[in-house]
Amino acid sequence: LQGYVGFANLPNQVHRKSVKKGFHFTVMIVGESGLGKSTLVNTLFGTTLYPKKDNVEPTDETPKTVEIQSLSAEIEENGVKLRLTVVDTPGFGDFVNNEESWKPILDNIEARFDAYLEQENRVNRRKMVDNRVHACIYFIAPTGHSLKPLDVEFMRRLHTKVNLIPVIAKSDTLTEDEIKQFKQRILDDIKFHNIQIYQAPQYEYDDPETIAENKEIINKIPFAIVGSDREVERDDGKKVRGRKYPWGVIEVDNPDHCDFVKLRQMLIRTHMEELKEYTSDVLYENYRSEKLESMGV
Ligand code: GDP
Ligand code: MG
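Residues numbered from 1 in each chain as written. Chains lettered and ligands numbered in written order. Predicted model: local features only at pLDDT ≥ 70, side-chain atom pairs only at ≥ 80, totals over all residues. Heavy atoms only, no water.

Engineer: Help me understand the packing of aromatic side chains, please; the structure alone is not making it clear to me.
Structural biologist: Aromatic rings considered in pairs are described by the distance between their centres and by the relative angle of their planes. In total, this model carries 8 aromatic pairs according to the counting rule given. Considering the side-chain rings of Phe-92 and Phe-154, the 5.2 Å spacing of their centres and the 75 degrees angle between planes classify their relative orientation as edge-to-face. You can see Phe-92 sitting in the loop between β3 (80–88) and α3 (102–120) and its partner Phe-154 sitting in helix α4 (residues 149–158), a full 62 residues away along the chain. We note that Phe-92, like Phe-154, is buried. Their ring planes at 70 degrees and their centres at 6.5 Å tell us that Tyr-198 and Tyr-278 sit as a pair that is edge-to-face. Of the two residues, Tyr-198 is situated in the loop between α5 (176–192) and α6 (208–218) and Tyr-278 in helix α8 (residues 272–294); the sequence distance between them amounts to 80 residues. (Phe/Tyr/Trp six-rings, centres within 6.5 Å; stacked < 30°, edge-to-face > 60°. Helix = DSSP H or I, 4+ residues; strand = E, 2+ residues; numbered from the N terminus. Buried < 20%, exposed > 50% of the residue type's maximum accessible area, 1.4 Å probe, protein only.)

Structural data, given as structure tokens:
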């Protein structure tokens, strides 16, 4: 065992520590009203953070700005605790003039960076609270065409501040072929506009199984999502989470039916630490040095 340092166990140690402390993850969801944001959050974490609604009717009293709503829940699975914060942004894209819809969202993300920066400058830095946004799931309407100016504007304004994860909302309203073409158009648009979406890293030293799994996840971006917080009955009588149509049932948890499982795997299982690290080491660091520079520090 000469020369054995033991750093191969480091990932495990980090993991053990995190398990003891519990995980804390903050995800923001953005997209036009009615695209299924609240439903997806409930589906994702298997807990009802929002009251169930049968139908979302547009109301007469339209708010005039984008709201920022922060909801937290503690989820425990096999003794591992996850403190999940969801930052919802109702009102985005709902106004006659949506030119500045991105602004309150950017302000919120930066305010969270500022709060962190302020803690770092304190004498006692032992009890740092990290409320930075680690990922932003951006909902694209299932038009089948291309990105809207609203989508492009939002992503361009935010891509250097947060890990952007685009998803196709309500993908059960598109056929398999339509989804395939729509995904390609979205990726082309993103490239054309020089938008930087979250690039999940791949490590060559991972085991082949992990590499294959990661590749499969990454290849699904933008994830085609179906959300449902209720169970429906399949033809064979089995109850599944999904949406029922005259022609059959779309299952949320079936990777052959939609990319929901892949999105969840990426967020919770394979890339949570990566998303946090990139937020801290790159996005926050850039923000911090720009800010200090502008202050003449
Ligand atoms: P939000 O305004 O973006 O938060 O949207 P909601 O989650 O409130 O959903 C709006 C409506 O769309 C509700 O009637 C949902 O049942 C429905 N919905 C949510 N997700 C899906 C989906 O994946 N497919 C379809 N077809 N409908 C959905
Ligand atoms: Mg909602």
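Engineer: Quick question: what am I supposed to make of the site of ligand 1 here?
Structural biologist: Of all residues adjacent to ligand 1, which total 16 residues, the nearest are Gly-34, Lys-37, Thr-39, Asp-172 and Gly-227. Here an oxygen atom of ligand 1 and a backbone polar atom of Gly-36 are 3.0 Å apart. Backbone polar atom of Gly-227 to an oxygen atom of ligand 1: 2.8 Å apart, as the coordinates give it. When ligand 1 sits alone it has 580 Å² of accessible area, and the protein chains cover 85% of it. Of all the secondary-structure elements, those providing two or more residues to the shell around ligand 1 are α2 (37–45) and β8 (239–245). (Near = heavy atom within 4 Å. Polar contact = N/O pair within 3.5 Å; in protein donor to acceptor, adjacent residues only side chain to side chain. Areas by Shrake-Rupley, 256 points an atom, 1.4 Å probe, with all protein chains shown as cover.)

Engineer: Even after reading the chapter, I still don't get unusual backbone geometry, so can you show me in this structure?
Structural biologist: Phi is mostly negative for residues that are not glycine, and the peptide bonds are mostly trans. The residue after Ile-221, namely Pro-222, is reached through a cis peptide bond having omega -5 degrees. Summarising the element assignment, Pro-222 is placed in the loop between α6 and β6 (223–224). At Lys-170, a position not held by glycine, the phi torsion is positive, near 45 degrees. Given the relative accessible area of 38%, Lys-170 is considered partly exposed. With phi around 55 degrees, Asn-194 is a residue other than glycine that occupies positive phi space. Here Asn-194 is to be found in the loop between α5 and α6.

Engineer: Looking at this structure, I do not really get the pattern of salt bridges. What am I missing?
Structural biologist: Any two side chains of opposite charge can pair, so long as their charged atoms come close to each other. Taken as a whole and assessed by the stated rule, the structure comprises 17 salt bridges. A salt bridge links Lys-183 to Asp-259; the shortest N-O distance between them is 2.7 Å. Residue Lys-183 is found in helix α5, and its partner Asp-259 is found in the loop between β9 (248–251) and α7 (260–270); the two are separated by 76 residues along the sequence. For the pair formed by Lys-183 and Asp-259, the shared burial category is buried. (Salt bridge = Lys/Arg side-chain N within 4 Å of Asp/Glu carboxyl O.)

Engineer: Quick question: what am I supposed to make of the sheet that holds β8 here?
Structural biologist: The strand order across the open sheet built from 3 strands is β7-β8-β9, with neighbouring strands paired in antiparallel fashion. Here the strands that pair on one side only, and so sit at the sheet edges, are β7 (231–233) and β9. Here the average twist between neighbouring strands, direction ignored, is 65 degrees. Where β7 lies against β8, 3 bridges are found, and the strand directions are antiparallel. Across the sheet, Glu-231 pairs through a bridge with Arg-241, a residue of β8. (Pairing = 2+ DSSP bridges. Axes fitted to C-alpha atoms, helices over the stretch in contact; angles between N-to-C directions.)

Engineer: Honestly, the side chain of Asn-214 in this entry has me stumped. Any pointers?
Structural biologist: Take Asn-214: it is sitting in helix α6. Note on Asn-214: relative accessible area 6%, which makes it buried.

Engineer: Got a minute to help me understand the pairing of strand β4 (residues 135–140) in this structure?
Structural biologist: Within a regular strand, the side chains alternate between the two sheet faces. Of all 6 residues in β4, 6 are buried; the element is thus mostly enclosed. Judged by which residues are buried, β4 turns out to be covered on both faces: Ala-135, Ile-137 and Phe-139 on one side and Cys-136, Tyr-138 and Ile-140 on the other are all buried. Bridge count between strand β1 (residues 23–30) and β4: 4 bridges; the pairing is parallel. By the bridge assignment, Met-28 is partnered in β4 with Cys-136. The sheet contact formed by β4 and strand β5 (residues 164–168) spans 5 bridges and is parallel.

Engineer: Looking at this structure, I do not really get the nonpolar core. What am I missing?
Structural biologist: One recurring pattern in soluble globular proteins is that nonpolar side chains are buried together. One finds Phe-25, Ile-105, Phe-154, Ile-165, Phe-223, Leu-263 and Leu-267 to be the most contacted residues of the largest nonpolar core, which totals 73 residues. With 7 residues, the single largest contributor to this core is α3. Look past the residues within four positions of Ile-105 in its chain and what remains in contact with it is Met-28, Val-30, Val-66, Ile-68, Thr-89, Phe-92, Phe-154 and Leu-158. (Core = buried A, V, L, I, M, F, W, Y, C linked by side-chain atoms within 4.5 Å. Contact = heavy atoms within 4.5 Å.)

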